[in-house]
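Tertiary structure, described
Chain residues, written in single-letter form:
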There are 2 protein chains.
Amino acid sequence: MAIDGRAAGTLYGVGVGPGDPELLTLKALRLIRSAALIAYPAPDTGSSFARDIVEQYLPEGVPEHAIRIPMQSNRFPVKAIYDEAAATLAPVLEAGEDVVVLCEGDPFFYGSFMYLHARLANAFTCEVVPGVSSVMAGGALSARPLASLTESFAVVPAPLAETRLASLLAEHDNLVFLKVGRHLAKVRGVIDAAGLTENAVYMERIGTAQQRCLALNELDADTAPYFSLIQVNKRQGDPL
Amino acid sequence: MAIDGRAAGTLYGVGVGPGDPELLTLKALRLIRSAALIAYPAPDTGSSFARDIVEQYLPEGVPEHAIRIPMQSNRFPVKAIYDEAAATLAPVLEAGEDVVVLCEGDPFFYGSFMYLHARLANAFTCEVVPGVSSVMAGGALSARPLASLTESFAVVPAPLAETRLASLLAEHDNLVFLKVGRHLAKVRGVIDAAGLTENAVYMERIGTAQQRCLALNELDADTAPYFSLIQVNKRQGDPL
């Protein structure tokens, strides 16, 4: 896995946090500054959110590779796009260069880096650099602890069926519903039915200039952006 | 809440990540370097893990306050200790000084900062600075994605009853058992009974020089340190 006896490069999946550039880790910053190639997911057209977060830290002139992902849900995920991205990055690694893949939040927590990892980790040294998840940033923004002591905690993607959302809400002390987006009405219905609307906080675009955080019962909307979540904590107040 | 018309200081709960000093965020570093007082949880005797993580970044001569917590489980948590810590920090804030409380991992994710927050947030400006959780660092270390796409994810404290552990394991696609420690045999039994031992990875002291990561079926022990976790993922391989 090397050319002319040179050691192959390392593939780094680097978490860049939820949106605030100051929530980058020191390790992420070091790796971004020394990468031979910076890759990142991006929409069909327009800028990459992961790249936007770290734009100020990118070394001048560093080569970049955008992995363009169609955002329509019926076309995502697309195996072929990641096959192609892996085929693009492999020769760079073979040539002994390190590649940094930027990942919103944490690379292995609902991140797309895992698709590259599945394609390249058998052939190359891969390292995942954990990042601050939007879930943790959500607890900080809402000023409500996510979980304490022996409480349970669940992260539940909002696209799941209503009955499953209700069952998970019944079972856990604390939940975060992710990817609320066009599932807002369904999630809100489940929370209402459980009598937990007063315990729910809605947040969108956490860590960006457009971030919003409000009590769910103050939200006047039927849909939400893709980057939105709802935090529910059954216990309120001092956990001691 | 201010003395002589001076604005009161801000209480910062600052996540310092799971153990590797390089997993500190840029924001945490900035706040630590400008704090008037640094506080942190610490055992009865000996050094504070949160302080150890950031020791190299502490400004010379900055005043420190250790919040000493007895580690015996029957004496923890202790309301009076946090009442006293809040009473110690309040006059500093009233005097217009910023206080940074160091928190292992993330402050609001099973962290003790929430007890101070419950005591001081009504009277003072409080800001939580999210950090990298040991859960995310565990996924990076095990090289196994924590959750993808519409999979569910649960964090389950190991002290919970065996039947509840089993029920949560049955319900979720992905789980992390926290605080395994002396509950190792119980957790292992639950995972074995569900036929998921091959899908489980054991980790301890993540991010420190003493970290260990091995398949659960290779672990030859009946107890584990307090800072240990077990990651279980039902699906293996490429999530696409």
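The model shown is predicted, which means the values in this text are computed figures rather than measured ones.

Helix and strand content of chain A: seven helices and ten strands. For chain A, the C-alpha radius of gyration of 20 Å lies close to 18 Å, the compact-globule estimate for 240 residues. For chain A, the residues scored as buried account for 54% of the 240 residues in total. Summed over all atoms, the accessible surface of chain A reaches about 9,600 Å², with 49% contributed by carbon and sulfur. Seen as two clouds, the 19 positive and the 27 negative side-chain charges of chain A have centres 3 Å apart.

With that settled, consider unusual backbone geometry. All names here are of chain A. One non-glycine residue with positive phi stands out, namely Leu149, at about 50 degrees. Secondary-structure assignment places Leu149 in the loop between α5 (134-142) and β6 (153-157). Even without being a glycine, Lys179 presents a positive backbone phi close to 50 degrees. Considering the arrangement of structural elements, one finds Lys179 in the loop between β7 (174-178) and α7 (184-193). The exposure class assigned to Lys179 is buried, which follows from its relative accessible area of 16%.

This paragraph deals with helix α3 (residues 79-94) of chain A. All names here are of chain A. The terminal C-alpha atoms of α3, which comprises 16 residues, lie 22 Å apart, in line with the 22 Å expected from a rise of 1.5 Å per residue. Within α3 the residues assigned to the buried category are Ile81, Tyr82, Ala85, Ala86, Leu89, Ala90 and Leu93. Buried residues belonging to α3 abut β1 (10-15), β2 (37-43), β3 (64-69), β4 (99-103) and α4 (113-120). With its phi angle positive at about 90 degrees, Gly96 sits one or two positions after the end of α3.

What follows deals with the side chain of His117 of chain A. On the secondary structure map, His117 of chain A appears in helix α4. Excluding anything up to four places from it in sequence, His117 of chain A contacts Phe108, Cys126 and Val128 of chain A together with Ala143 of chain B.

Listed per partner, the contact involves 61 residues of chain B and 61 residues of chain A. With both sides pooled, the region where chain B packs onto chain A buries about 5,000 Å², and carbon together with sulfur makes up 67% of that total. At the boundary of chain B and chain A, one finds eight salt bridges. The interface formed by chain B and chain A holds 27 residue pairs in polar contact (both at pLDDT 80 or more) in total. Elements represented by at least two residues in the side of chain B that touches chain A include exactly α1 (26-34), α3 (79-94), α4 (113-120), β5 (125-129), α5 (134-142), β6 (153-157) and α6 (162-171) of chain B. Its residues assigned to classes, the side of chain B that touches chain A comprises 37 nonpolar, ten polar and 14 charged.

Below, the discussion takes up the pattern of salt bridges. Taken as a whole and judged by the stated rule, the model has 22 salt bridges over all chains. Between Lys27 of chain A and Glu127 of chain A there is a salt bridge, with the nearest N and O atoms lying 2.6 Å from each other. Remark: Glu127 of chain A occurs in strand β5 (residues 125-129) and Lys27 of chain A occurs in helix α1 (residues 26-34); sequence separation between them is 100 residues. By relative accessible area, Lys27 of chain A is classed as buried at 12%. Among the salt bridges present, the one from Glu204 of chain B reaches Arg212 of chain B, with a minimum N-O distance of 3.6 Å. By relative accessible area, which is 38% here, Arg212 of chain B ends up partly exposed. Shared partners join several salt bridges into a network, and the residues in it are Arg51, Glu55 and Glu64 of chain A.

Residues and elements named next belong to chain A. If you trace the backbone, Ala42 turns up in strand β2. Along the backbone, Ala42 and Glu127 are 85 residues apart, and their C-alpha atoms lie at a distance of 21 Å. Apart from the residues within four sequence positions on either side, Ala42 is in contact with Ser48, Ala66, Ile67, Arg68 and Ile69.

Looking now at the sheet that holds β3 of chain A. Residues and elements named next belong to chain A. Overall, parallel pairing links the five strands, which are arranged β3-β2-β4-β1-β5 in an open sheet. Lying at the two open borders of the sheet, with one neighbouring strand each, are β3 and β5. Adjacent strand axes in the sheet meet at a mean angle of 20 degrees when their direction is disregarded. When β2 meets β4, the two strands line up parallel, connected through three bridges. From the neighbouring strand, Ala39 faces β4, where its bridge partner is Val101.

Looking now at the packing of aromatic side chains. If you walk through the whole model with that rule in mind, you get twelve aromatic pairs over all chains. Summarising the aromatic geometry, the rings of Tyr226 of chain B and Phe227 of chain B are spaced 5.4 Å apart at their centres and angled 80 degrees between planes, so their arrangement reads as edge-to-face. Each member of the aromatic cluster is reached from another via a ring pair, and the members are Phe49, Tyr226 and Phe227 of chain A.

Quick notes on the rules
- Residues numbered from 1 in each chain as written.
- Chains lettered and ligands numbered in written order.
- Predicted model: local features only at pLDDT ≥ 70, side-chain atom pairs only at ≥ 80, totals over all residues.
- Heavy atoms only, no water.
- Helix = DSSP H or I, 4+ residues; strand = E, 2+ residues; numbered from the N terminus.
- Rg over C-alpha atoms; globule rule 2.2 N^0.38 Å.
- Buried < 20%, exposed > 50% of the residue type's maximum accessible area, 1.4 Å probe, protein only.
- Areas by Shrake-Rupley, 256 points an atom, 1.4 Å probe, with all protein chains shown as cover.
- Lys, Arg positive; Asp, Glu negative; His and termini not counted.
- Charge placed at Lys NZ, Arg CZ, Asp CG, Glu CD.
- Expected span 1.5 Å × (residues − 1).
- Contact = heavy atoms within 4.5 Å.
- Buried area = accessible area lost by both parts, 1.4 Å probe.
- Salt bridge = Lys/Arg side-chain N within 4 Å of Asp/Glu carboxyl O.
- Polar contact = N/O pair within 3.5 Å; in protein donor to acceptor, adjacent residues only side chain to side chain.
- Nonpolar A, V, L, I, M, F, W, Y, C, P; charged D, E, K, R; others polar.
- Pairing = 2+ DSSP bridges.
- Axes fitted to C-alpha atoms, helices over the stretch in contact; angles between N-to-C directions.
- Phe/Tyr/Trp six-rings, centres within 6.5 Å; stacked < 30°, edge-to-face > 60°.

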